[in-house]
Amino acid sequence: MTVGKTLFVTCGATVPFPDLVECVINEKFIVEIIKNGYTRLVVQFGTGYESTFLTLLSGLNIANCTATLSDSKKIPNGDFSIYGSNKTPVCRTFNKTNGHDEVFSIVGFGISMNVEQYIKDNVDLVISHAGTGSILDSLKLKKPLIVCVNTSLMDNHQEQIANKFGSMGYVLACHPKLDELIEKFDESQVYEFKEFPTSKNVKFENLLKTLAYK
């Protein structure tokens, strides 16, 4: 199998983001990213969500493919132990029904101590919750980024943070709705993201703090 691109989804380490996970573990979304050359979807789903994630994954079907739960180490760049994953990742592969060529793999894990290194080494596009830390991690690694606002949070300032980064051209921002996420994914394939400054920007950091603690 030709190794294609990798999409990485991070929901954060502590608060689950089921609305985002349900959007990406969806046949319509996966068919769209396969059309754009992606062969791996990696989901960091956070703490306390593994059983729900496994249920979603087990119920996922892709037309004209058969699915099997498998060992993530058997797929390209699938050894997450070197990135500090706290448990063996959940992995499901999809193969064409008329042959043995693997067409797509989904890997999910709760927490990794070195997500940034995995993103740097392997990832072509990131979809992240709108936490400031996760956004900055991806931007500093110069990875294209879609920011999805967790609208279920109390005292939620993610909307302002996502909109501010989006208005400056660094990210594309959306809500956890399937059609909206697909629209932003398609846009990301042609969008010219503005390069995030790697030097310390005190003015910008103070602005983020103002938004986060407003």
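Naming follows an unreviewed UniProt entry, where the protein chain appears as UDP-N-acetylglucosamine transferase subunit ALG13 of Naumovozyma dairenensis. In UniProt, the protein chain has this text filed under Subunit (unreviewed entry): "Heterodimer with ALG14 to form a functional enzyme." Per UniProt, the comment on the protein chain under Function (unreviewed entry) is "Involved in protein N-glycosylation. Essential for the second step of the dolichol-linked oligosaccharide pathway."

On to the overall build of the protein chain. Along its length, the protein chain carries eight helices and eight strands. Pairs at least 24 apart in sequence give 71% of the contacts found in the protein chain among residues at least 6 apart. Carbon and sulfur atoms make up 51% of the accessible area of the protein chain, which totals about 10,500 Å².

All right, on to the environment of glycine 37 then. Tracing the backbone shows glycine 37 in the loop between α2 (27-35) and β2 (38-44). The partly exposed category is assigned to glycine 37, whose relative accessible area is 34%. Sequence separation of glycine 37 and glycine 4 is 33 residues, and the distance between their C-alpha atoms is 5.8 Å. With residues up to four places along the chain from it excluded, the contact list for glycine 37 reads Gly4 and Lys5.

Another aspect to go through is the nonpolar core. The nonpolar side chains of a soluble globular protein tend to be buried, and buried together. One finds Ile25, Phe29, Phe53 and Ile106 to be the most contacted residues of the largest nonpolar core, which totals 35 residues. Here this core takes four residues from helix α1 (residues 18-24), the largest share from any one element. Among all residues touching phenylalanine 29, those that are not within four sequence positions of it are Leu7, Cys23, Val24, Ile127, Leu178, Leu181, Ile182 and Phe185. With 23 residues, the next largest nonpolar core counts Val42, Ala130, Ile135 and Val147 among its residues.

Basis of the calculations
Residues numbered from 1 in each chain as written. Predicted model: local features only at pLDDT ≥ 70, side-chain atom pairs only at ≥ 80, totals over all residues. Heavy atoms only, no water. UniProt positions renumbered as here; feature names shortened; annotations may be inferred. Helix = DSSP H or I, 4+ residues; strand = E, 2+ residues; numbered from the N terminus. Contact = heavy atoms within 4.5 Å. Areas by Shrake-Rupley, 256 points an atom, 1.4 Å probe, with all protein chains shown as cover. Buried < 20%, exposed > 50% of the residue type's maximum accessible area, 1.4 Å probe, protein only. Core = buried A, V, L, I, M, F, W, Y, C linked by side-chain atoms within 4.5 Å.

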